[in-house]
Amino acid sequence: MVKLCSYCKERNRTPLPECPDSECFVCRGASAKLEKMADEAAGKIPQGWKSFAVSTNVPREMMAREEAVWDYGLGRSVKDDFNRRIVAALAERTGLGYDFVKADGKVVFDFAKGEARLENADLFVYGKYKKFRSDIAQSEWTCKNCNGKGCEECDFEGVKYDSVEVIIGNAAKALYGAKDAELHSSGREDVDALNLAGRPFVLELRKPDRGKLQLKALADAVNTRESGVEITDLQYVSNGEVALVSDSHFDKAYEAEMEVEGGFAHEDAGKIMALAGSMLSQRTPHRVKHRRSDLVRKRRILGLRILGEKPPKIYVLAEAGTYIKEFISGDAGRTEPSVSGALGKKAKCIKLSVVEIRDGFLGDVLGY
Ligand SMILES: [Zn+2]
Ligand SMILES: [Zn+2]
């Protein structure tokens, strides 16, 4: 004869007979134990949490047994019911709100193991990074030769270059005890380009052992002379800000040092300045052709200045997505007009720095 505990009987609105909690056909006493688990969980929630999320793990067999009972009267599912009771029980015990998206952490009720445990929420840290070295990539750059295992070609490090992502990510993983870190950013600079302006990013930290630490600790860990990377404007944000940052495209200003075939003549300055305000047609550069689709983009040169003639150096403010090296070289006719074309002799960018990223609206949205 199928018998149920008082909770399961009530939930299923069934005429089946009642029995002691531990003998319940459906939950084997889990329903009654829930309140005790809530006591346990509430005691573990650290001070400083403003809200919590809940994850309920109900064994598959329990749900299967419940379906059998539905032949005798249809009620709410055990998982749904447990969820509601857990949220109510925790809210009552802690005075905290329930917030699935912005919670400081998740309370996991594991009814297979009969225990409740806490998991810190994944963390999202907004900031801006500068890059002072011309030998580091933005994102982790796995060695293609060995696929990250380590070989002679990569000095047995598994990566081709140091990267901003790994430098910030490793520091953050160590501080927070996180399993995984990923850098989301708006665009990127080339490995050999410097970024003196500060590019917006959101660092995603998965499964951290610790919650929201003071962000100064992260800045101190990253901003060392050796790292060649500096992070500023740090603040905790929510998941939603990842898309805001990585989908945004900003106009940028650069300083580019050039090499001009046959030398830079004084009248060359005027020829270059004639390109100010021009609309470029940029066919996908030869050097990135293998990973970008081959098409022609229209991008405007918004500002142009001659910074020096020996060596020739220019300031370029350009629309988001402009390829500056190709604006200078012309990329064998793939970019027009170009500095090379205007001068009538080959010009090449030998040093490129991002000096400004026009990201003003982000500050308005994020409120810094
Ligand atoms: Zn039961
Ligand atoms: Zn390798």
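All figures in this text were calculated on a predicted structure; none of them were measured in a lab. (Residues numbered from 1 in each chain as written. Chains lettered and ligands numbered in written order. Predicted model: local features only at pLDDT ≥ 70, side-chain atom pairs only at ≥ 80, totals over all residues. Heavy atoms only, no water.)

Comments concerning the domain arrangement of the protein
Under the domain assignment used here, the protein contains domain 1 (6-119), domain 2 (123-248) and domain 3 (252-357). Using only C-alpha atoms to locate each centre, domain 1 and domain 2 end up separated by 39 Å. (Domains from an automatic or database assignment.)

Looking at the pairing of strand E15 (residues 312-318)
Of all seven residues in E15, six are buried; the element is thus mostly enclosed. Examined bridge by bridge, strand E14 (residues 296-309) and E15 share seven bridges and lie antiparallel to one another. When the bridges of E15 are listed, Arg 305 appears paired with Tyr 315. Hairpin connection from E14 to E15: two residues lie between these consecutive antiparallel strands. (Buried < 20%, exposed > 50% of the residue type's maximum accessible area, 1.4 Å probe, protein only. Helix = DSSP H or I, 4+ residues; strand = E, 2+ residues; numbered from the N terminus. Pairing = 2+ DSSP bridges.)

Some thoughts on the coordination of the zinc ion (ligand 2)
Protein coordination of the zinc ion (ligand 2) is provided by Cys 143 (SG), Cys 146 (SG), Cys 151 (SG) and Cys 154 (SG), with donor distances spanning 2.2 to 2.3 Å. Considering all four donor atoms around the zinc ion (ligand 2), the spread of angles at the metal, 104 to 112°, places the coordination shape in the tetrahedral class. In terms of primary sequence, the donors binding the zinc ion (ligand 2) are separated according to C-x2-C-x4-C-x2-C. Judged by its relative accessible area of 11%, Cys 151 is buried. (Donors = N, O, S within 2.8 Å, 3.2 Å for Na, K, Ca; no water. Tetrahedral: all angles 85-135°; square planar, octahedral: opposite > 155°, others 65-115°.)

Focus: the packing of aromatic side chains
Overall, the coordinates contain five aromatic pairs when judged by the stated rule. Relative to Tyr 98, the ring of Phe 52 has its centre 5.9 Å away and its plane inclined at 65°; by these criteria the two rings are edge-to-face. Of this pair, Phe 52 sits in strand E1 (residues 51-57) while Tyr 98 sits in strand E2 (residues 97-98), and the two are 46 residues apart along the sequence. A relative accessible area of 0% means that Phe 52 is categorised as buried. Relative accessible area serves as the criterion here: at 42%, Tyr 98 is assigned to the partly exposed category. When the centroid spacing of 5.0 Å and the interplanar angle of 75° are considered together, the rings of Trp 141 and Tyr 161 count as edge-to-face. Here the residue Trp 141 occupies a position in strand E7 (residues 141-142), and Tyr 161 occupies one in strand E8 (residues 159-163), the gap between them amounting to 20 residues. Using a relative accessible area of 31% as the deciding quantity, one classes Tyr 161 as partly exposed. Through successive ring pairs, a cluster of aromatic residues spans Phe 82, Phe 109 and Phe 111. Positioned above the aromatic ring of Tyr 315, the side-chain terminus of Arg 305 is 4.2 Å from the ring centre. (Phe/Tyr/Trp six-rings, centres within 6.5 Å; stacked < 30°, edge-to-face > 60°. Lys NZ or Arg CZ within 6 Å of the ring centre and 35° of its normal.)

A look at the nonpolar core
The biggest cluster of nonpolar side chains holds 34 residues, and the ones touching the most others in it are Ile 272, Ile 314, Val 316, Phe 327, Ile 328 and Val 339. Sort the elements by how many residues they give to this core and strand E17 (residues 347-357) lands first, with five residues. Counting contributing residues, this core receives three or more from each of domain 2 (123-248) and domain 3 (252-357). Not counting the four nearest positions on each side in its chain, Val 316 is found in contact with Lys 252, Ala 253, Tyr 254, Ile 301, Gly 303, Leu 304, Ile 324 and Phe 327. (Core = buried A, V, L, I, M, F, W, Y, C linked by side-chain atoms within 4.5 Å. Contact = heavy atoms within 4.5 Å.)

Considering the coordination of the zinc ion (ligand 1)
Only Cys 5 (SG), Cys 8 (SG), Cys 24 (SG) and Cys 27 (SG) from the protein reach the zinc ion (ligand 1) as donors, at distances of 2.2 to 2.3 Å. If you look at the zinc ion (ligand 1), its four donor atoms make angles of 106 to 113° with each other, and the shape they trace is tetrahedral. Site description for the zinc ion (ligand 1): donor spacing in sequence, C-x2-C-x15-C-x2-C. A residue pair is termed long-range when its members are at least 10 positions apart, and Cys 5 in the segment before helix H1 (6-12) and Cys 24 in the loop between H1 and helix H2 (30-44) qualify at 19 residues. Residue Cys 24 is classed as buried on the basis of its relative accessible area of 0%.

Observations regarding the sheet that holds strand E4 (residues 115-120)
The strands that make up a sheet pair up through hydrogen bonds in the backbone, lying either parallel or antiparallel. Across the sheet, which stays open at both edges, the four strands sit in the order E2-E1-E3-E4 with mixed pairing between neighbours. Where the open sheet ends on each side, the last strands, each with one partner, are E2 and E4. In the sheet, E1 pairs with E2 via two bridges, with the strands oriented parallel. In the sheet register, Ser 51 faces E2, and the bridge partner there is Gly 97. Most of the contacts of H2 go to E4, to which it runs at about 35°, and overall it touches strand E3 (105-110) and E4. Of the strands in this sheet, E1, E2 and E3 are in contact with helix H4 (residues 78-94), which crosses E1 at around 150°. (Axes fitted to C-alpha atoms, helices over the stretch in contact; angles between N-to-C directions.)

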